[in-house]
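# Structural description and commentary
Spelled out, the chains give:
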Amino acid sequence: MGSVDLGGGGRSHKKAGGVKKPKRIGFALDMTPLVDVAFLLLTFFMFATTMAQPQIMEISVPPNLEVPIDVAESNLLTIMVRGDGRVFYQRGAGTNPIQPLKPEEVRTFAVQANAEKGNALITTLKVDPTAKYSQLVKVLDELNIAEGELTTKYKQQGIESGKRERKFAIVAMTPDDKAALTAL
Amino acid sequence: MAHKPKRVGFKLDMTPLVDVAFLLLTFFMFTAKFKSDAENEQKYEIKRPTASADTTRLPDAGTAIVKIGIDPKTNDTVLAYAVSNEKDRSGIYGAVEGIGGDALHRAQLELAKDDTNKLKTLVLATRRQDPKIKFAIDADRRVSYGRIQTVMDAFRSQGATIFNFVTVSGADAPKDDKAG
């Protein structure tokens with residue numbers, strides 16, 4: 001870049017014995033408008049930002065199969081959510097007893113039930129259509145957390161984490177289930 | 001600084017304040033994520049259920065979302081179908097009879113809350129348009145499970161057996177989150 005000599009105006013030009021002028025050090029710039037705009041933008045972005053980022057929870061449903069697959073009843077665990085949000089479980093199927101489950105026990109129960117059966121447990125979740133969606137997500141979340149805890153449990157049992165096959169499905173509640181739950 | 005003999009008022013060094021302000025400004029500018037087109041169009045806010053286990057973020061593109069919300073005015077359930085990719089919209093929405101013109105390019109399509117047939121048509125059209133699309137159900141936590149079940153059955157009948165529930169992290173949830 002070239003520089004222009006402005007003939008005596010520059011600081012570098014110091015003439016010996018020149019007139020003593022008050023020295024100008026630096027320069028003053030009014031920053032107020034800049035700061036005003038900066039604060040305006042800051043408040044705008046603060047209010048416009050949505051901090052709660054949506055997350056996703058993956059669900060898979062069994063495809064429509066023509067031929068039903070037979071599974072051992074002993075490997076079956078059904079978790080049920082009643083219309084009022086209370087959680088129950090049933091081992092096996094049919095007329096096996098349905099027992100209540102406290103919401104905070106779902107996780108430990110799922111870990112324990114899975115650990116007992118090694119890798120074979122099939123969990124189904126039946127939710128009453130009148131129950132709230134949040135109640136379903138709550139149970140699903142607990143089961144997802146249990147899945148994480150199971151990894152350590154399986155390691156103790158000698159099952160590698162890659163070998164874990166989660167067998168889980170959300171199934172429609174049958175009228176029989178509903179009747180049994182209402183009676184409880 | 002040049003000192004004047006007379007002190008009128010006082011001087012306060014604003015530099016650190018301005019420094020911090022700019023720092024915050026840049027932070028918020030970079031983290032800002034604005035509402036999607038679909039969210040701008042809808043008149044209701046979906047109060048998502050909280051979950052903590054799965055922290056995968058909802059992708060911005062390549063999603064087809066079934067939205068089940070609650071209209072704050074009428075307290076009625078509302079159903080909508082939103083396709084994130086703009087180029088896919090007309091092809092998908094066009095599969096439904098009676099939709100044309102401007103509605104083909106809207107970010108989300110409002111459906112009657114019990115219109116399962118239209119939903120099925122849309123799901124199938126979406127899978128034809130983009131087989132790799134991610135399906136999601138974005139429902140209000142106060143909605144009854146029966147509504148979700150209907151949508152899940154619609155997904156299942158059209159072969160979309162893997163989909164997602166849209167949730168929000170427990171730490172980010174608002175304080176009134178005492179549902180259930």
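Please refer to the structure higher up on the page.
Residues numbered from 1 in each chain as written. Chains lettered and ligands numbered in written order. Predicted model: local features only at pLDDT ≥ 70, side-chain atom pairs only at ≥ 80, totals over all residues. Heavy atoms only, no water.

Turning our attention to the overall build of chain A. For chain A, the count of helices and strands is four helices and six strands. Starting at the N terminus and walking to the C terminus, you meet the elements of chain A as α-β-β-β-β-α-β-α-β-α. Taken across its 184 residues, chain A has 37% of its residues classed as buried. Per element, the accessible surface of chain A, about 12100 Å² overall, is 59% carbon and sulfur. (Helix = DSSP H or I, 4+ residues; strand = E, 2+ residues; numbered from the N terminus. Buried < 20%, exposed > 50% of the residue type's maximum accessible area, 1.4 Å probe, protein only. Areas by Shrake-Rupley, 256 points an atom, 1.4 Å probe, with all protein chains shown as cover.)

Once that is clear, we can look at the overall build of chain B. Summing up its helical and strand segments, chain B has five helices and six strands in all. Walking chain B from its N terminus toward its C terminus, one meets helices and strands in the order α-α-β-β-β-α-β-α-β-α-β. Each of the 180 residues in chain B was classed as buried or not, and the buried ones make up 42%. Put simply, of all contacts in chain B between residues at least 6 apart along the chain, 67% involve residues at least 24 apart. (Contact = heavy atoms within 4.5 Å.)

Turning our attention to the interface of chain B and chain A. If you look at the interface, chain B gives 52 residues, while chain A gives 45 residues. The junction of chain B with chain A conceals about 4500 Å² of combined surface from both sides, 66% of it contributed by carbon and sulfur atoms. Connecting chain B to chain A are zero salt bridges. Joining chain B to chain A, the criterion identifies eleven residue pairs in polar contact (both at pLDDT 80 or more). The set of elements that each furnish at least two residues to the side of chain B that touches chain A consists of helix H1 (15-31), strand E1 (50-51), strand E5 (134-139), helix H5 (145-157) and strand E6 (162-169) of chain B. A class-by-class count of the residues in the side of chain B that touches chain A yields 28 nonpolar, 14 polar and ten charged. (Buried area = accessible area lost by both parts, 1.4 Å probe. Salt bridge = Lys/Arg side-chain N within 4 Å of Asp/Glu carboxyl O. Polar contact = N/O pair within 3.5 Å; in protein donor to acceptor, adjacent residues only side chain to side chain. Nonpolar A, V, L, I, M, F, W, Y, C, P; charged D, E, K, R; others polar.)

Another point: the packing of aromatic side chains. Working definition: an aromatic ring pair is given by the centre-to-centre distance plus the angle between the planes. With the rule as written, the count across this model stands at seven aromatic pairs over all chains. Grouped by ring-pair contacts, the aromatic residues Tyr133(A), Phe135(B), Phe155(B), Phe163(B) and Phe165(B) constitute a single cluster. (Phe/Tyr/Trp six-rings, centres within 6.5 Å; stacked < 30°, edge-to-face > 60°.)

Ranked by internal contacts, the top residues of the largest apolar core, which has 61 residues, are Tyr81(B), Ile137(B), Ile148(B) and Phe165(B). Not counting residues within four places of it along the chain, the set of residues in contact with Ile148(B) comprises Tyr133(A), Ile68(B), Ile137(B), Ala139(B), Val143(B) and Phe165(B). Residues Ala38(A), Leu42(A), Phe45(A) and Leu25(B) belong to the second largest nonpolar core, which totals seven residues. (Core = buried A, V, L, I, M, F, W, Y, C linked by side-chain atoms within 4.5 Å.)

Remark: helix H1 (residues 32-48) of chain A packs on H1(B), axes separated minimally by 9 Å, with the N-to-C direction vectors making an angle of 40°. The angle between H1(A) and H1(B) places the two elements in the oblique class. Once H1(A) is placed against H1(B), the crossing between them reads as left-handed. Between H1(A) and H1(B), the contacting residues are Leu34(A), Val35(A), Ala38(A), Phe39(A), Leu41(A), Leu42(A), Phe45(A) and Met46(A) on the first element and Leu17(B), Val18(B), Ala21(B), Phe22(B), Leu24(B), Leu25(B), Phe28(B) and Met29(B) on the second. Looking at the contact of H1(A) with H1(B), its residues break down into 16 nonpolar, no polar and no charged. (Axes fitted to C-alpha atoms, helices over the stretch in contact; angles between N-to-C directions. Parallel < 35°, antiparallel > 145°, perpendicular 65-115°, else oblique. Left-handed = near helix turned anticlockwise from the far one by under 90°.)

Residues and elements named next belong to chain A. In spatial order, the strands read E4-E3-E2-E5-E6; together these five strands make up an open sheet with mixed pairing. Where the open sheet ends on each side, the last strands, each with one partner, are strand E4 (98-101) and strand E6 (167-171). Each strand axis lies, on average, 25° off the axis of its neighbour in the sheet, ignoring direction. Note that strand E5 (residues 122-127) and E6 share five bridges and pair parallel. Note on E6: the bridge partner recorded for Leu125 is Ile170. (Pairing = 2+ DSSP bridges.)

Our focus in this paragraph is the packing of helix H4 (residues 116-129) of chain B against H5(B). Residue and element names in this part refer to chain B. H5 packs onto H4 with a crossing angle of 40° between their chain directions and a minimal axis gap of 9 Å. By the criterion of interaxial angle, the relationship of H4 to H5 is oblique. The element H4 and its partner H5 pack so that their crossing is right-handed. Along the contact surface, H4 presents Thr116, Leu119, Lys120 and Val123, while H5 presents Thr150, Val151, Ala154, Phe155 and Ser157.

To continue, consider the side chain of Asp138(B). Residue and element names in this part refer to chain B. With respect to the element layout, Asp138 can be found in strand E5. Taking the relative accessible area as the measure of exposure, Asp138 reaches 2% and is therefore buried. Of note is the side chain of Asp138, whose polar atom sits 3.0 Å from the side chain of Arg48. Residues in contact with Asp138, not counting those within four places in the same chain, are Ile46, Arg48, Ile65, Val66, Lys67, Ile68 and Val166.

Coordinates in, geometry out; function isn't part of it.
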